[in-house]
Amino acid sequence: MSGPLVPGGIGEHTSCLLVKLGQVVFRLAEDRLHELGLRVRHYSVLQALADNGPMSQLSLGAYLRIDPATMVSSLDDLETLGLAARARDPEDRRRYVVDLSDAGRKTLRKANELLADLDRHVLSDLPQRSHESLHKLLAKMNEGATLPGEFDRMRDQAGSTKMSSASSPSPR
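Remember, predicted model here, so these are calculated numbers, not experimental data. (Residues numbered from 1 in each chain as written. Predicted model: local features only at pLDDT ≥ 70, side-chain atom pairs only at ≥ 80, totals over all residues. Heavy atoms only, no water.)

Q: I'd like a rundown of a nonpolar patch on the surface, residues and numbers included.
A: Together, Leu 18, Leu 126, Leu 134, Leu 138, Met 141 and Leu 147 make up a nonpolar patch on the protein surface, roughly 480 Å² of accessible area in all. No other element matches helix H6 (residues 128-143), which puts three residues into the nonpolar patch. Residue classification places Leu 18 among the partly exposed positions, given a relative accessible area of 40%. (Patch = residues over 30% accessible without salt bridge, like charges linked within 9 Å, V, L, I, M, F, W, Y side chains within 5 Å. Areas by Shrake-Rupley, 256 points an atom, 1.4 Å probe, with all protein chains shown as cover. Salt bridge = Lys/Arg side-chain N within 4 Å of Asp/Glu carboxyl O. Helix = DSSP H or I, 4+ residues; strand = E, 2+ residues; numbered from the N terminus. Buried < 20%, exposed > 50% of the residue type's maximum accessible area, 1.4 Å probe, protein only.)

Q: Tell me what's going on with the environment of Arg 153, and back it up with residues and numbers.
A: Within the fold, Arg 153 resides in helix H7 (residues 146-167). On a C-alpha basis, the gap between Arg 153 and Arg 86 in space is 30 Å, while along the polypeptide they are 67 residues apart.

Q: Summarise the pattern of salt bridges; cite the residues concerned and give the values.
A: This model, assessed by the stated rule, comprises twelve salt bridges. The closest approach of N and O atoms between Asp 152 and Arg 155, which form a salt bridge, is 3.2 Å. Within this pair, Asp 152 and its partner Arg 155 are both found in helix H7, separated by three residues, close to a single helical turn. The class of Arg 155 is partly exposed, set by a relative accessible area of 36%. Among the ionic pairs, Arg 155 bridges to Asp 156, the shortest N-O distance being 3.4 Å. One connected set of salt bridges, linked through shared partners, spans Arg 65, Asp 152, Arg 155 and Asp 156.

Written out as structure tokens, the structure is:
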């Protein structure tokens with residue numbers, strides 16, 4: 001089947017285009033990273049550690065806006081693969097500090113090559129001069145107040161809903 005991913009009047013809404021295109025690119029990224037035994041969330045953890053150096057597990061989750069349960073699962077996966085390691089923080093034995101292994105750095109280089117290749121592929125329908133412009137616009141949205149603020153508000157609201165339902169009395 002050919003034709004646009006977002007047909008007709010639906011495609012007149014930028015948000016609808018972003019949703020569908022994002023879904024497709026996410027699936028493509030997952031597929032590409034799968035050959036390294038990774039998922040997008042694993043890549044994000046590895047890249048964050050490369051960008052920032054060793055971080056506490058809690059700080060890493062906050063930095064990436066990943067909930068604690070998903071962070072634990074992701075780190076379990078990365079440790080099993082030998083790509084990252086958790087160790088007790090010598091300054092606070094209650095905390096874990098996470099760091100990349102040498103294998104993690106090597107895998108991250110390969111992942112970045114795969115994702116750069118994917119960027120070229122998904123942008124191939126656009127003129128080359130538009131690639132950088134699109135990236136700058138998306139980066140501006142990423143760094144702006146609106147979408148990060150909305151994400152945090154929804155996450156906090158979901159967390160307070162879970163907490164209030166857990167503390168409310170159960171029906172008899």
